[in-house]
Amino acid sequence: MQKLLIVSKRNGYTEQLTQAAYQMGIEVCALCSTQTDLLRFLDSQVEADLVICTDQMDDGLNVSQCASILIRNGYFRNLFYVIGNTQYSQYLNSSRIRYVMNTDCTPKELLEMIQEAMYNERNPEKNYSGSNNNPVSNNRNRQGNPNAVPVSPIQNQEMPVQRKTAANYSGMPKQGQPRTQGFRPCTITINSPKGGVGKTSLAIELSSVIAKRAKEIDFNPNTALQRQKHIQVCLVDLNASFDTMASSLRFVRERPDYPTVINWVNAIEEKIYRTMTPAEKERLRQDESYDFSPYIREGDIVFTSDEIYNLLVHDDQTGLFVLPSVSLPFDVEYVKPEYIRIMLKAIKSLFDVVVIDTGNNISFFTVEAMRAADEIFLVSAPTYGSVTVMGKLTKNISRLKLNKDRISLVVNYPNGSDSELDPIEIAKALKLPLISVLPFDEGIRESHEHGEPYSCNTRKSRYANEITKLAQQVIPLWAVKTRSPVQTKPRKKGVLSRFFG
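Keep in mind that this is a model prediction, so the values were computed, not measured.

Trainee: It is not clear to me how the overall build of the protein should be interpreted in this structure. Could you clarify?
Mentor: The secondary structure content of the protein amounts to 19 helices and 13 strands. Taking all 501 residues of the protein together, 57% fall into the buried category. Roughly 22500 Å² of accessible area belongs to the protein as shown, and the carbon and sulfur atoms make up 47% of that amount.

Here is the structure:
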């Protein structure tokens, strides 16, 4: 049963909303009418699957303050607002928070739309492939929301993962049996304790292929309700070694003064400074090292969507966003583990797929990236040296406080087709599920030297085919229809256009 948190002054609307939720089998887990009530709920062990707020609170808590509290506590993706005053619409639009005017629909109609989105989230193959079996959406014809954030507003529980083991590895998952059920946001960290195994190449290729595919497909082709018009992908470089990622991507290196992790550090410290008391600011000024560490309150640091986009580099061709690493290894001293956590939390709140490249080490850059991941891909070459080093890492997973169930193996042939070991035997020895075997392709290095992702431009190559299979296991976009031509005749917008378009 879905749990609903209502944040609002007690009035007739909330009573109707509570009653409608009960009739639809949704449990109202709390009704918070003041900031104190809300903070008390957030401190409890109860987690809501859906949050509906209004612009009326008993203690006068305004929309931006309330939304900031909820976003800091991880409720951005499943947060909705019902407002009666249009002055809040600009803030909600700029913050990419879904909302509807209270005159646009009844509480029951609002929950019906949310139930429809919930059905589509749990049954993407029916909704996205144009099936007529959706008992909810077939009765509606609503315009898509051009400002809808590209993530699910409802689904908040863990989705089942179907892992491939070394014994039954066969590459492409069968259609209808994706590794991740539905389009759930996912963070992938790619790591290897051994250098030169093609880890960065995999990060570039995997993220580029997913981003490029997301631009080509048509979500919800059978209904005008398009709560999710596109998937957004971000590639994060946390391999602090002379900005390798930027040198491999032309759209990054051709941008003057492109942002890096250091720009995030500066932005985070500016936000920390704003949260400090006058006494703390005075102590900081007297500190010769000017250390912000004692004043970091991670939950108080929030980035708007515009701030996040401005701290990334965008590729118009593939649709990929990239965060380059520090330009020089010496700059690592300015970065703190807390900054990495704040940065990754902000990026994950906005993007559907986040791919993180890490160094061949266990620095805090790498460890924080692994802890933030839903899945960890360990990359090994089929050589004794690579497997031996990988074995040392896997034996110490518990010391890094990582969940081994999230770790999978990718075997890559970076230097040629000859190998000392069989990939399946490697997986057995490391006791890891084997999810991909990437063949050698001399075109990869040449393509990256020209600053272009290889698989997007050579889709028929064996390497591109294997990358596509792996990408399909991350997010199943290859069973979705491609985007239809833009309609020349505009559709008529309804009163619910602010909520769904």
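Picking up where we left off.
Trainee: What am I meant to see in helix α10 (residues 261-275) here?
Mentor: Taking 1.5 Å per residue, 15 residues should reach 21 Å; α10 reaches 21 Å between its end C-alpha atoms and fits that length. Turning to α10, its buried residues number three or more, namely V261, I262, W264, V265, A267, I268, E269, K271 and I272. The inward-facing, buried residues of α10 contact β7 (233-238), α12 (305-310), β9 (321-323) and α13 (337-350).

Trainee: What is the right way to look at unusual backbone geometry in this model?
Mentor: Among all residues except glycine, the phi angle is most often negative; among peptide bonds, the trans geometry is most common. Positive phi values are uncommon outside glycine, yet D257 reaches one of about 50 degrees. Looking at the secondary structure, you find D257 in the loop between α9 (250-253) and α10. We note that K431 has phi near 60 degrees; this positive angle belongs to a residue other than glycine. Its place among the elements puts K431 in the loop between α16 (423-430) and β13 (434-438). We classify K431 as exposed; its relative accessible area is 68%.

Trainee: What should I look at first to understand the packing of aromatic side chains in this one?
Mentor: Each aromatic ring pair is described using two quantities: the centre-to-centre distance and the angle formed by the ring planes. A complete count under the given rule lists seven aromatic pairs for this structure. Here Y309 and F351 contribute two aromatic rings whose centre-to-centre distance is 6.2 Å and whose plane-to-plane angle is 80 degrees, an arrangement assigned as edge-to-face. Placement of the pair is Y309 in helix α12 and F351 in the loop between α13 and β10 (353-358), with a sequence separation of 42 residues. Looking at F351, the relative accessible area reads 1%, which means it is buried. Through successive ring pairs, a cluster of aromatic residues spans Y309, F321 and F351. Lying over the aromatic face of F303, K271 brings its terminal NZ or CZ to 4.8 Å of the ring centre.

Trainee: Quick question: what am I supposed to make of the sheet that holds strand β2 (residues 27-32) here?
Mentor: Within a sheet, each strand pairs with its neighbour through backbone hydrogen bonds, oriented either parallel or antiparallel. If you trace the five strands from one edge of the open sheet to the other, you get β2-β1-β3-β4-β5, paired in parallel fashion. What marks the edges here is a single partner per strand, and that holds for β2 and β5 (98-101). Neighbour to neighbour, the strand axes of the sheet diverge by 20 degrees on average, direction disregarded. Where strand β1 (residues 3-7) and strand β3 (residues 50-54) come together, four bridges link them in parallel fashion. In the sheet register, I6 faces β3, and the bridge partner there is I52. Helix α2 (residues 35-43) rests against β1 and β2 of the sheet, and its axis sits at about 135 degrees to β2.

Each value, and the rule that gives it
- Residues numbered from 1 in each chain as written.
- Predicted model: local features only at pLDDT ≥ 70, side-chain atom pairs only at ≥ 80, totals over all residues.
- Heavy atoms only, no water.
- Helix = DSSP H or I, 4+ residues; strand = E, 2+ residues; numbered from the N terminus.
- Buried < 20%, exposed > 50% of the residue type's maximum accessible area, 1.4 Å probe, protein only.
- Areas by Shrake-Rupley, 256 points an atom, 1.4 Å probe, with all protein chains shown as cover.
- Expected span 1.5 Å × (residues − 1).
- Contact = heavy atoms within 4.5 Å.
- Phe/Tyr/Trp six-rings, centres within 6.5 Å; stacked < 30°, edge-to-face > 60°.
- Lys NZ or Arg CZ within 6 Å of the ring centre and 35° of its normal.
- Pairing = 2+ DSSP bridges.
- Axes fitted to C-alpha atoms, helices over the stretch in contact; angles between N-to-C directions.

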